[in-house]
Amino acid sequence: MTTRDDTAAATVADTGGADRSSRLHHRFEAIWGTPPGIARLSAVNHTSIGIRFIVTGFVFFVLGGLLSMLMRVQLALPENDVLDEGIYRQFFTMHGTTMMFLFAVPILEGFAVYLIPKMIGTRDLVFPRLSAFGYWCYLFGGIFLYSSFFFGSAPDGGWFMYVPLTDAQFSPGPNTDFWLIGVTFAEVSAVAAAIELIVAILKTRAPGMSLDRMPLFAWYILITSFMIIFAFPALILGSILLEIERAFGFVFFDAGRGGHPLLWQHLFWIFGHPEVYIIFLPAAGMLSMIIPTFARRPIAGYTWIVLSVIAIGFLSFGLWVHHMFTVGIPQLALSFFAAASMAIAIPTGIQIFAWIATLWNGRPVVTIPLLFVLGVFFIFVLGGLTGVMLALVPFNWQVHDTHFVVAHLHYVLIGGMVFPLFAGLYYWLPLFSGRRYSESLGRAPFWLMFIGFNVTFLPMHLTGLLGMPRRVHTYAEGLGWDWLNLVSTIGSFLLAAGIALVLLDVILHFLFGKRAHRNPWNAGTLEWAIEAPVPTYNFISIPRVQGRDPLWSQAELVNKMNRGELFLGNPDSDQRELLGTNTVTGEPESVIRISKSTWIPLLTALPLALFFFGLLARVYVLTAIGGALVVVAALVWLWTTGHRQAPDIVDAGCGVSLPIQYASPQAPGWWAVCFTIMADAVLYSSLLFAYFFLWTVSDAWPPADHSPGSLAFPLIGIVVLLASSAVVVWAARCGREGASVRFRYGQLVALVLGFAFLVLQTLMLLDFDMRPQQHAYASLVYTIVGFHLVHIVIAMLMAGFVFFRSWFGYITVSRQLETRVSSIFWHYSVFQWLLGFGVIYLFPAML
């Protein structure tokens, strides 16, 4: 390993190299630069989008914190009347919703969007428009939620929205609708970002960066993104079902008509407990980057850490009943979930011991980021210990829904997410701004936060053990809770003061901080090879890495990158280009051309906001208009992708020629569609889970004297769908063979068969002898059929799109990406109905 002096000396370029670097910088800036003025809103590069996520996340963090402070003032004294019960419920609901849905996940995704391309040695994310669209969905979802205060209808059913308290009978106003629609809008952003990050990490790493050389933060984000794909659809489905029940009278959660309120809890917590680790893992990834830098040595146990992160990703989906120990689930089942809740402490402990070993065997330099890391060790470990206690069913029964759980939750989330976040904020500040922060100013906020946090939440363990329930807005004197609540309120003000000072320190840093040189920490990962503040294109040329810490092991790497001597160092194409690499080895496979600044993401998110507003206002004409405009915007978006005149093979530098992504069998678009289908399949599986769950708790399923109707229409429909799938296969083969006319005929035949299937499904529903408002069975049949019909319509739109793209020359023998994407979605939609048919028509017959 080179010394710090060797590395610093090696990064000083000669005069000629500096001139060449400057010329290349201006040429790349002309291609990648962000437009000035109001046009900055059209920027789609990952640096701009990541900063938007981070800044917006901190704004919501402040709003959620202010709500919590008002709640603490209310609880400071017994029988206080600062907030009445209704307002307290609204503040409680919006505080939890803000912190879980508008702060924790989005801000960590923002850091990932900003950092991942820089860490893995690429210039941008592969779908910059998708990143921008995700941000607008997140922002509009947050605005939807907070606009409820102006209408006096803020959500008040708790951030978990348990039914029946939130159904139309007990919450007839729009309060719950604001939550359901706002959160769903924001969740679209989370899933979009997850797909974007997975494809970027798997397909655009620097040459030589095999999976076992990836920065640990990239591993954490990769696993977290997969967890989002598997966890968030359950909540999205639950929100859709509850909104349909409230708006149209369908039945999913009403026990009197075959539904069950526990269905909501299952759907919510299938999302909810993985959510805790979705929040923790990216923050832990930050720690795994910070600790080696300040320990002055590589991370200890790299492989063990990666395996432990993967284990957490799997185990986190076996814990959701951890939150439902008191609902009457059989004790044998509880024992399995209790065991899983304790077992997950093992991979978490592996990471903590690896961090400690790295510090123990290194030469630690105690800076502000490392202070926050040490705070994590104290706070998060205590939260983990109380988590193991709560995994014990008898103890859980005693403290369930008490302030003990509130204390545990905050020790885990603030200790496991907020403290690491602030460590990461201080660590990467020089990269964000190109300035150094003040060590003296930053230490006081840390100690205020550390002391204030423990003064706030440590007493809550005792108030919980003394019986104080959660979610109460006041309490009587003489219960032993008075002084403990007062101490917690005092501590909360110390904690708030510390957070305010951190934010003030960051603002002062941007205004008055001294200029920092490149890589002020002498870190080993690629993001520190970039001059700060970072240019929009990140790297003049894409490096080939030879280890996990390339800046420590490759002394000349920075100079070679800046002279444009490595991959994609020639900007003559006037296009934004990335290097596509092999999923496992990281070897170059293709050149990826991506979008420049555009208004399309915003113009797609705006009609989607109109669609959701129509649902909220019950003005379904607006919903229809918004939906139609979303389809039009999506078609324009897709049509403006692709470079018809681009050559199939391009020069990638270093003597290598590679196919453009449209002609590559491993194109990022193919991977993105596969992961999108995966997320959609989880959503559909959650819907089928709802069907089977309600069967298990129903007295009669389907209800007596009712059946799904004749098999004639469904069987004919299956024949039509299978025929359409065969036609799609034949058309794709014609396209590969250059028979473009037959290819287009095949797409038209598939469209006709798709339309015939829609007619058959309509006749099938007309033959069904129950309306969806009568019973949960009918509601689920209609929902399963409707869900599939939406997919058939999308598949038909894709087939029509491919038809016209072929007509205009975007699809050729060598460019089959769009055909492959359309075909796999068509086949997936066919398979989806085969499952739906089996559930609706065959499953009851097996009883």
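Just so we're clear, the structure is a prediction, and the values are computed from it rather than from any experiment.

### Some details on the domain arrangement of the protein
Entries for the protein in the domain assignment read domain 1 (46-515) and domain 2 (709-846). Here the C-alpha centroids of domain 1 and domain 2 sit 39 Å apart. When domain 1 packs against domain 2, close to 690 Å² is buried across both sides, 64% of that on carbon and sulfur atoms. The three residues of domain 1 that bury the most area against domain 2 are Phe 250, Val 251 and Arg 257, which together make up 56% of that side's buried surface. Between the two partners, domain 1 and domain 2, sit zero salt bridges.

### Let's talk about the side chain of Ser 822
Of note, Ser 822 is situated in helix α25 (residues 817-842). Contacts of Ser 822, omitting those with residues within four sequence positions, involve Met 798, Ala 799 and Val 802.

### A closer look at the packing of helix α14 (residues 403-433) against helix α16 (residues 482-512)
Axis separation between α14 and α16 bottoms out at 11 Å; the angle between their running directions is 15°. If you check the angle between α14 and α16, you find them roughly parallel. Here the hand of the crossing between α14 and α16 comes out left-handed. Here His 403, Phe 422, Leu 425, Tyr 426, Leu 429, Phe 432 and Ser 433 of α14 come into contact with α16, specifically with Asn 485, Ile 499, Val 502, Asp 505, Val 506, His 509 and Phe 510. Broken down by class, the residue content of the contact of α14 with α16 amounts to nine nonpolar, four polar and one charged.

### Points about the packing of aromatic side chains
As enumerated under the stated definition, the model contains 81 aromatic pairs in all. Between Tyr 437 and Trp 521, the aromatic rings sit 5.9 Å apart at their centres with planes inclined by 45°, giving tilted as the arrangement. On the criterion of sequence distance, the pair formed by Tyr 437 in the loop between β1 (435-436) and α15 (439-465) and Trp 521 in the loop between β2 (514-515) and α17 (550-553) is long-range, its members being 84 residues apart. Each ring, one from Phe 446 and one from Phe 450, has its centre 5.9 Å from the other, and the planes form 25°; the classification is stacked. Pair noted here: Phe 446 and Phe 450 are both in helix α15, with a separation of four residues, about one helical turn. Side by side, Phe 446 and Phe 450 carry an identical accessibility label, which is buried.

### What about the environment of Trp 269?
On the secondary structure map, Trp 269 appears in helix α8 (residues 261-295). Residue Trp 269 is classed as buried on the basis of its relative accessible area of 6%. For the pair Trp 269 and Phe 160, spaced 109 residues apart in the sequence, the C-alpha separation amounts to 8.8 Å.

### With respect to a nonpolar patch on the surface
A cluster of nonpolar residues, Leu 441, Leu 501, Leu 504, Ile 507, Leu 508, Leu 511 and Phe 512, forms a patch on the protein surface that exposes about 670 Å² of accessible area. Examining the composition of the nonpolar patch, we find that six residues originate from one element, α16, more than from any other. With respect to the helices and strands, Leu 504 occurs in helix α16. You can call Leu 504 partly exposed: its relative accessible area is 43%.

What counts as what
Residues numbered from 1 in each chain as written. Predicted model: local features only at pLDDT ≥ 70, side-chain atom pairs only at ≥ 80, totals over all residues. Heavy atoms only, no water. Domains from an automatic or database assignment. Buried area = accessible area lost by both parts, 1.4 Å probe. Salt bridge = Lys/Arg side-chain N within 4 Å of Asp/Glu carboxyl O. Helix = DSSP H or I, 4+ residues; strand = E, 2+ residues; numbered from the N terminus. Contact = heavy atoms within 4.5 Å. Axes fitted to C-alpha atoms, helices over the stretch in contact; angles between N-to-C directions. Parallel < 35°, antiparallel > 145°, perpendicular 65-115°, else oblique. Left-handed = near helix turned anticlockwise from the far one by under 90°. Nonpolar A, V, L, I, M, F, W, Y, C, P; charged D, E, K, R; others polar. Phe/Tyr/Trp six-rings, centres within 6.5 Å; stacked < 30°, edge-to-face > 60°. Buried < 20%, exposed > 50% of the residue type's maximum accessible area, 1.4 Å probe, protein only. Patch = residues over 30% accessible without salt bridge, like charges linked within 9 Å, V, L, I, M, F, W, Y side chains within 5 Å. Areas by Shrake-Rupley, 256 points an atom, 1.4 Å probe, with all protein chains shown as cover.

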